[in-house]
Amino acid sequence: MALILGIESSCDETAAAVIDSNGETLAARIVAQRIASQDEMHRPYGGVVPEIAARAHVEVLGPMIEQVLADAGLALDDIDAIAATAGPGLIGGVMVGLVTGKALAMAADKPLIAINHLEGHALSPRLAEPALAYPYLLLLVSGGHCQILEVRGLGDYRRLATTIDDALGEAFDKTAKILGLGYPGGPAVERLAREGDPKAVPLPRPLVGSGEPHFSFAGLKSAVMRAKQAGTHRDADIAASFQQAALDCVIDRTRIALGACGPVTALVVAGGVAANAALRGALEELASSAGLPLVAPPPKLCTDNAAMIGWAGAERFAMGYSEALDVAARPRWPLDANAAPVRGAGVKG
Ligand code: KG4
Ligand code: ZN
């Protein structure tokens, strides 16, 4: 059994967790975890302000780690390794978590494991269900990332698709902003969409039908803006029509990716937008038509958290990986270093 301290600080969540890699149940695998969201601090700006984020991580992280160890009834000395997110993300925040991890590793003479935040999301389904076997097809949809990856094994990822402009969560957040729903917008758009008619507003489905499974949401967002400005639609109808258009894109793109990947054991969805119930329902249908199970971690493991970082650390620890203490924080860090750049792609890890 290995006990791993996980640290996450790459965006606007400060989080720490203790993972027991051998726990029989999910509750036993996550020995303790704490998350402090900075949503309130960023809300007035309608998005994450990097400097505010980094300062808040500094204030919260140290005491949080003490608390999470106390929750677990453990001392730092009982921990086998420290896993900290080392990128990609907002560099100030990443540095706070990584430097904290390094300091603890040095003070307690424990191995430090630098985790790619995207690997944390990619392996989070195995934290939920360790029986989930490699290789699986992963739809990773969050505020900063929108990718389809063939997860072949620990550290072995083939990127099949990425976004050429906005991430899916970003599209939800921008739609929320246009509709005055506040930040973060995904859950608010989903709630409002339940009261609307998904067919009420004609909206585009960018890239649907294209042979490669990439994503694009900028044109959809602009169309949402025009629909709002026209002043003739109910906000709930705009939200429902936007969500339907976005999900149509995701399902079409994922279908193409399923045809382009090798044999897989499951279709897996992770990242913050995986909390969206309509998305889960649509993916469930797609997976069953492909004869595959859909694996979706519980929503709390889909949004940013430290349990997934601790779990990725546990998988790496089991393979004997660790890093020297001069390992650098990386604002950009693609999971598949060999993936060809996509024309028009904003560089998003
Ligand atoms: O994984 P995450 O916590 O942070 C990033 O790494 O980006 O994802 C946050 C994103 C935000 O864009 C948020 O609006 C979106 O996930 N999100 C949702 C829902 N819950 C969170 N989008 C749509 N529907 C939801 N229920
Ligand atoms: Zn994330």
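Note that the structure is a prediction, hence the values are computed from the model and not measured.

Cut-offs used in this document
Residues numbered from 1 in each chain as written. Chains lettered and ligands numbered in written order. Predicted model: local features only at pLDDT ≥ 70, side-chain atom pairs only at ≥ 80, totals over all residues. Heavy atoms only, no water. Salt bridge = Lys/Arg side-chain N within 4 Å of Asp/Glu carboxyl O. Buried < 20%, exposed > 50% of the residue type's maximum accessible area, 1.4 Å probe, protein only. Phe/Tyr/Trp six-rings, centres within 6.5 Å; stacked < 30°, edge-to-face > 60°. Helix = DSSP H or I, 4+ residues; strand = E, 2+ residues; numbered from the N terminus. Near = heavy atom within 4 Å. Polar contact = N/O pair within 3.5 Å; in protein donor to acceptor, adjacent residues only side chain to side chain. Areas by Shrake-Rupley, 256 points an atom, 1.4 Å probe, with all protein chains shown as cover. Nonpolar A, V, L, I, M, F, W, Y, C, P; charged D, E, K, R; others polar. Domains from an automatic or database assignment. Contact = heavy atoms within 4.5 Å.

**Section: the pattern of salt bridges**
Think of it this way: side chains of opposite charge can pair up when their charged atoms draw near.
Part 1: Tallied over the full model, the rule gives 15 salt bridges.
Part 2: The partner of Arg152 in a salt bridge is Glu150, and the shortest N-O contact between them spans 3.6 Å.
Part 3: Judged by relative accessible area, Glu150 falls into the buried class, the value being 6%.
Part 4: The closest approach of N and O atoms between Asp237 and Arg234, which form a salt bridge, is 3.1 Å.
Part 5: Overall, the relative accessible area of 11% leaves Asp237 in the buried class.
Part 6: Assessed through its relative accessible area of 48%, Arg234 is described here as partly exposed.
Part 7: Residues joined in a network through salt bridges with shared partners are Glu150, Arg152, Asp156 and Arg158.

**Some remarks on the packing of aromatic side chains**
Part 1: Under the definition given, this model contains three aromatic pairs.
Part 2: Taking the centre distance of 5.9 Å and the plane angle of 10° together, the rings of Tyr134 and Tyr136 count as stacked.
Part 3: Note on Tyr134: relative accessible area 22%, which makes it partly exposed.
Part 4: The exposure class of Tyr136 is buried, given its relative accessible area of 0%.
Part 5: Each ring, one from Phe172 and one from Phe242, has its centre 5.0 Å from the other, and the planes form 80°; the classification is edge-to-face. Here Phe172, found in helix α6 (residues 168-178), pairs with Phe242, found in helix α9 (residues 235-260); they are 70 residues apart in sequence, far enough to count as distant.

**Some details on the site of ligand 1**
Part 1: Taken together, 20 residues surround ligand 1, and among them Gly143, Asp173, Gly186, Glu190 and Asp304 come closest.
Part 2: Residue His121 places a side-chain N or O atom 3.5 Å away from an oxygen atom belonging to ligand 1.
Part 3: The protein chains hide 90% of the 550 Å² of surface that ligand 1 would expose on its own.
Part 4: At the level of secondary structure, the elements contributing two or more residues to the shell around ligand 1 comprise α5 (117-128), α6 and α7 (186-193).
Part 5: When the residues that make up the shell around ligand 1 are grouped by side-chain class, the tally is five nonpolar, twelve polar and three charged.
Part 6: Viewed by domain, the shell around ligand 1 spans two of them, domain 1 (3-124 + 301-318) and domain 2 (134-299), each represented by three or more residues.

**So, the side chain of Thr254**
Part 1: By the secondary structure assignment, Thr254 is in helix α9.
Part 2: A relative accessible area of 0% places Thr254 in the buried class.
Part 3: A polar side-chain atom of Thr254 sits 2.6 Å from the main-chain carbonyl oxygen of Val250.
Part 4: Not counting residues within four places of it along the chain, the set of residues in contact with Thr254 comprises Leu137, Leu139, Ile148, Leu267, Leu283 and Leu286.

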